[in-house]
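Here's the letter readout for the chains.
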Amino acid sequence: MKFTCTKNNFNNGINIALKAVPGKTTMPILECVVIEAKDEMIKMTTNDMQLGIETKIPAQIQEEGIILVNAKMISEIVRRLPDEDVNFEVDENNNILLFCGKSKFNISGINHEEFPMLPQIHVENKIVISEFTLKEMIRQTIFSISDNESNKILTGELFEINGDEFKIASLDLVRVSIRKVQLKENYEHIKVVIPGKTLNEISKILTGGTEDELTISFSRNHVLFEFGDTMVISRLIEGNFYNIEQMLKNNYETKVKVNKRELYGCIDRATLLLREAEKKPVILNIKDNEIKMEMNTKIGSMDEEVTAEKEGKDLTIAFNPKYIIDVLKVIDDEEVYLYLFNSNAPCFIKNNEESYIYLILPVNMN
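Parameters and conventions
Residues numbered from 1 in each chain as written. Predicted model: local features only at pLDDT ≥ 70, side-chain atom pairs only at ≥ 80, totals over all residues. Heavy atoms only, no water. Helix = DSSP H or I, 4+ residues; strand = E, 2+ residues; numbered from the N terminus. Buried < 20%, exposed > 50% of the residue type's maximum accessible area, 1.4 Å probe, protein only. Contact = heavy atoms within 4.5 Å. Areas by Shrake-Rupley, 256 points an atom, 1.4 Å probe, with all protein chains shown as cover. Pairing = 2+ DSSP bridges. Axes fitted to C-alpha atoms, helices over the stretch in contact; angles between N-to-C directions. Parallel < 35°, antiparallel > 145°, perpendicular 65-115°, else oblique. Left-handed = near helix turned anticlockwise from the far one by under 90°. Nonpolar A, V, L, I, M, F, W, Y, C, P; charged D, E, K, R; others polar. 1 Å grid on protein atoms, 1.4 Å probe; cavity = no way out; pocket = protein on both sides within 12 Å on 5 of 7 lines; lining within 4 Å. Points joined across faces, edges and corners; volume = space filled by probe spheres on them. Core = buried A, V, L, I, M, F, W, Y, C linked by side-chain atoms within 4.5 Å. Disulfide = S-S within 2.5 Å.

A. How the structure looks around the overall build of the protein chain. Along the protein chain, the regular secondary structure elements total six helices and 23 strands. Principal axes of the C-alpha set define a box for the protein chain whose edges measure 80 × 50 × 40 Å. Every one of the 366 residues in the protein chain was classed for burial, and the buried ones make up 50%. A separation of at least 24 residues holds for 67% of the contacts in the protein chain among residues at least 6 apart in sequence. Total accessible area on the protein chain stands at roughly 18500 Å², and carbon and sulfur atoms take up 43% of it.

This is the structure we're talking about:
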């Protein structure tokens, strides 16, 4: 096996492949990347048994072949090489010779036959969506997945397609995030739960171009993302997702319109009084044409007013400030709308089209 490619291409390819290399594993072979030279392309494959990645880079191939090597080691070597072409050779004993400028490495490779290659899946349904749209939808919902592995279904996100409507939803039992978009075509009904880890890695890999499209294919147990020269395959999470439609109420007693940046800034300043791990709520007193915010902690107290437009009853309600900040960070609108019923009922933050809906449970003001 022998090929030459640019350091930049090699580095980009291995960085993508690394996202499916486990941090800790009882199977050392999963810490490796399969490097295959064929058809003027280098294919790199990694697999942690839940998430698998295959990506390709262009190269000048003098001799086709395939080898297995520790992924993090080869990544660190390539990252530190000078900005010149990388020459990669493998001898009959699986020894890897790597030349770049005046640098030369001789490292041990492994026979690839023991590596668990990516599964072949039987595609039942697929959709096409822009990279920008998917990247944004993940960004605007991923923060409210649960990290509690004892309730596996909540560690993923619901992907649901009905006709031309595509919905992503996540929840951690104290908040719900929903994002909806209209697709260019109508599709059969699809409802699956994809691991949050998979979507986090997908979001990092995607360039987010508005003109770049990707295909998402679904099988009984897997989901496959294909874009550019990269393919990401992941297991689905089994089980039924929570019926989030039951949580969405249209009745409210108080509706508030407020500048997002001003509201965010006020709550963010309030958190300066919080010690690490201290759980103190921010109290919102909604009255007339303002929201007065209060925070009382062991360090001190603060209060600040934000101008708002209110419809309905006055209301006092308290929230974990982090939950509101998480939502405000991902909303791009200049103004946000809060819908409230009473001090013990959830707050809804949504736009008129309901292309995004966020539900946040209040906390006890005492």
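The discussion continues.
B. Representation of the sheet that holds strand 17 (residues 282-287) in the model. With respect to topology, ten strands assemble into an open sheet ordered 11-12-23-22-21-16-19-18-17-20, the strand pairing being antiparallel. Of all strands in the sheet, those with a lone pairing partner are strand 11 (156-171) and strand 20 (315-319), marking the two edges. Neighbouring strand axes in the sheet, compared pairwise and without regard to direction, differ in orientation by 25° on average. By the bridge criterion, two bridges tie strand 21 (residues 335-340) to strand 22 (residues 347-350) in an arrangement that is antiparallel. The residue bridging Tyr-339 from the neighbouring strand is Phe-348, located in strand 22. Helix 3 (residues 131-139) contacts strand 11 and strand 12 (175-195) of the sheet and is inclined by roughly 40° relative to strand 11. Helix 4 (residues 196-205) contacts strand 11 and strand 12 of the sheet and is inclined by roughly 65° relative to strand 12.

C. Spatial organisation of the environment of Glu-278. The topology assignment puts Glu-278 in the loop between helix 5 (260-270) and strand 17. Using a relative accessible area of 17% as the deciding quantity, one classes Glu-278 as buried. When the C-alpha positions of Glu-278 and Thr-297 are compared, they lie 8.4 Å apart, and in sequence the two are 19 residues distant. Among residues more than four places away in sequence, those in contact with Glu-278 are Leu-273, Thr-297 and Lys-298.

D. Main features of the packing of helix 1 (residues 7-17) against helix 2 (residues 71-79). Close contact between helix 1 and helix 2 brings their axes to 10 Å; oriented N to C, the two are set at 150°. In terms of orientation, helix 1 and helix 2 fall into the roughly antiparallel class. Handedness of the crossing formed by helix 1 with helix 2: left-handed. Listed contacts from helix 2 to Lys-7, Phe-10, Asn-11, Ile-14 and Asn-15 of helix 1 are Ala-71, Ile-74, Ser-75, Val-78 and Arg-79. Classifying every residue of the contact of helix 1 with helix 2 gives five nonpolar, three polar and two charged.

E. Structural detail: empty space enclosed by the protein. Using the criterion set out here, one finds one cavity of 30 Å³ or more in the structure. Within this model, the largest cavity holds a volume of roughly 40 Å³. Here the residues of the lining of the largest cavity are counted per class, giving nine nonpolar, no polar and no charged.

F. Representation of the side chain of Thr-198 within the structure. With respect to the helices, strands and loops of the structure, Thr-198 is situated in helix 4. On the accessibility criterion, Thr-198 (2% relative accessible area) is buried. With near-sequence residues (within four places) excluded, Thr-198 lies in contact with Leu-51, Phe-225 and Ser-234.

G. Focus on the sheet that holds strand 6 (residues 65-70). Pairing within the open sheet is antiparallel, and its eight strands lie in the order 6-2-3-4-15-14-13-10. In the strand order of this sheet, the two ends are held by strand 6 and strand 10 (125-130), each with one partner. Adjacent strand axes in the sheet meet at a mean angle of 15° when their direction is disregarded. Contacts from helix 1 reach strand 2 (32-38), strand 3 (41-47), strand 4 (51-58) and strand 15 (230-235), with the element oriented near 170° to strand 4. Across the sheet, helix 4 lies against strand 4, strand 14 (222-227) and strand 15, angled at about 0° from strand 14, the strand it touches most.

H. Structural view of unusual backbone geometry. A positive phi angle, close to 55°, is found at Asp-39, a residue other than glycine. Along the chain, Asp-39 falls in the loop between strand 2 and strand 3. According to the relative accessible area criterion, Asp-39 is exposed, its value standing at 56%. Within the chain, Leu-173 stands out as a residue other than glycine whose phi angle is a positive 80°. Classification of Leu-173 by relative accessible area gives partly exposed; the value is 49%.

I. Structural detail: the nonpolar core. Residues Met-293, Leu-338, Leu-340 and Ile-349 are the most contacted members of the largest nonpolar core, which totals 35 residues. With six residues, the single largest contributor to this core is helix 6 (residues 321-330). Ignoring anything within four residues of it in the chain, the contact list for Met-293 reads Leu-263, Cys-266, Ile-267, Val-282, Ile-283, Leu-284, Met-302, Asp-303, Glu-304 and Val-306. With 33 residues, the next largest nonpolar core counts Ile-129, Phe-166, Leu-183 and Val-192 among its residues.

J. Region of interest: the state of the cysteines. All chains considered together, the criterion is met by zero disulfides. Considering cysteine sulfurs only, Cys-5 is the nearest to Cys-32, which forms no disulfide, with 19 Å between them. Cys-100 takes part in no disulfide bond, and the closest cysteine sulfur to it belongs to Cys-5, at a distance of 9.2 Å. Accessibility expressed as a relative area gives 0% for Cys-100, which makes it buried.

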